[in-house]
Amino acid sequence: MEKLVSESEVVVVRPRIHSAKKRPLEELVPLKTPISAHVDISSLCNYRCSFCFQADTQGMKDVGLKRGFMEFSMFKKIIDDFNEFPEKIKKIKIGNHGEPTLHSEVVKMVDYASKSGSADIIEMFTNGSKLTPELNEGLVKSGLQRINISLEGLSDERYLTVAGTKQVFQEIIDGVRSLYAIKTRENSELQIYVKIADQAHALKGDKDIKFNLSAEEKKYFFTTFTPICDEIFIEKVVPQWADTQLDKQNDVTDTGMYGQKINKWKDSCPFIFMYMHFNCDGTVSPCTLDWPRKVVIGDVTKQSVSDIWNGDSLKELQVAMLAGQRKCVDLCATCSAPMVCVEEDLDNNVDKVIKAIDGQDNLDNLDKNRWIQPNDNDVTPIKIHR
């Protein structure tokens, strides 16, 4: 972790996964309350970033992905259900698959989540394109505590090439500056995190058409945003989205998205022991990266959130992973996110975790596990390029 000092503030240079202290996951399971929950109020996005499934029109069509906005009544039901857990959720994260600021009731939703008392932190993920003074005023006053702003370039031209959209970059700068000014004026605890990738691929054309941030661009990034944010970082483009846009995400190397070391393929995905992801239609995945909704463990229109978290579907998935069968679970088999997007690793503590989650009976009956699919063509673990 580094610190940059602007004229009046100290800005922390670190990846967002290090924004809070963590205990080893193997010491926490089974979690009576998920650590965090992504609530995807909008699966629509105004960008088509080259590395993202949102740019894969045919892929979304092939899996029958239905996109849209979450109804406020469903959002309210999810938030209310969180209060059934014995402890507060650490973070409610609004947005992920789409752009949450496109939702006309985003401020109302943040306000409801904030006042519910069901989480320690209300957080948002955004591309920053809609941060008008009016919206910023609403977000700050609604109680938003953390906002993660992802930049896809540092110029109008780069946005058009990488994200397939006409974006006036100065408007993003102005939006972040406005948000910072309002949160300062209101003495808000809101933390503003701004990040950009070290490399970007062109949306169209050959996969070798890529742009690396130059030393001059990195300096411009830090010089421009350090005075108007609280945390800042340059992330690495990694293959976090499985089965889509693979030629635009780079190979798995010996470092992950946040610079963490990658040593090996992980059989057990840590995400499914920590998180829940609520899609705009009410279906629930145990991981934010299940963009085609192939790993659905429940539906909040039919079940309570706590019933889904403590249900057989999730438990069977966890045991399948611990049994080394991730390669036989649809979508998970080809996913590199457990290596590139997270530091936790349960593979050396399988016996301990199986006992902790009372999973021995499930382990002894893997032939009945709903997630393990016969695979004649065994999936080769993703190669790590060094």
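All of these numbers come straight from a predicted model, not from anything done at the bench.

(A) Structural view of the overall build of the protein chain. A tally of helices and strands in the protein chain yields 12 helices and 13 strands. Counting every position in the protein chain, which comprises 386 residues, the buried fraction comes to 56%. Put simply, of all contacts in the protein chain between residues at least 6 apart along the chain, 75% involve residues at least 24 apart. When the accessible surface of the protein chain is summed, it comes to about 17300 Å², and 47% of that surface belongs to carbon and sulfur atoms.

(B) Structural context of the pairing of strand 7 (residues 191-197). Across the 7 residues that make up strand 7, a large majority, 5, are buried. For strand 6 (residues 146-151) and strand 7, the ladder comprises 6 bridges, and the chain directions are parallel. The residue of strand 7 that forms the bridge with S150 is K195. The sheet contact formed by strand 7 and strand 10 (residues 231-235) spans 5 bridges and is parallel. Bridge pairing links Y193 to E231 in strand 10.

(C) The arrangement of the side chain of N369 in detail. Looking at where N369 falls in the secondary structure, it is placed in the segment after helix 12 (360-364). There is a polar contact of 2.9 Å between the side chain of N369 and the backbone nitrogen of W371. Those residues in contact with N369, other than ones at most four positions away along the chain, are E316 and A320.

Analysis parameters
Residues numbered from 1 in each chain as written. Predicted model: local features only at pLDDT ≥ 70, side-chain atom pairs only at ≥ 80, totals over all residues. Heavy atoms only, no water. Helix = DSSP H or I, 4+ residues; strand = E, 2+ residues; numbered from the N terminus. Buried < 20%, exposed > 50% of the residue type's maximum accessible area, 1.4 Å probe, protein only. Contact = heavy atoms within 4.5 Å. Areas by Shrake-Rupley, 256 points an atom, 1.4 Å probe, with all protein chains shown as cover. Pairing = 2+ DSSP bridges. Polar contact = N/O pair within 3.5 Å; in protein donor to acceptor, adjacent residues only side chain to side chain.

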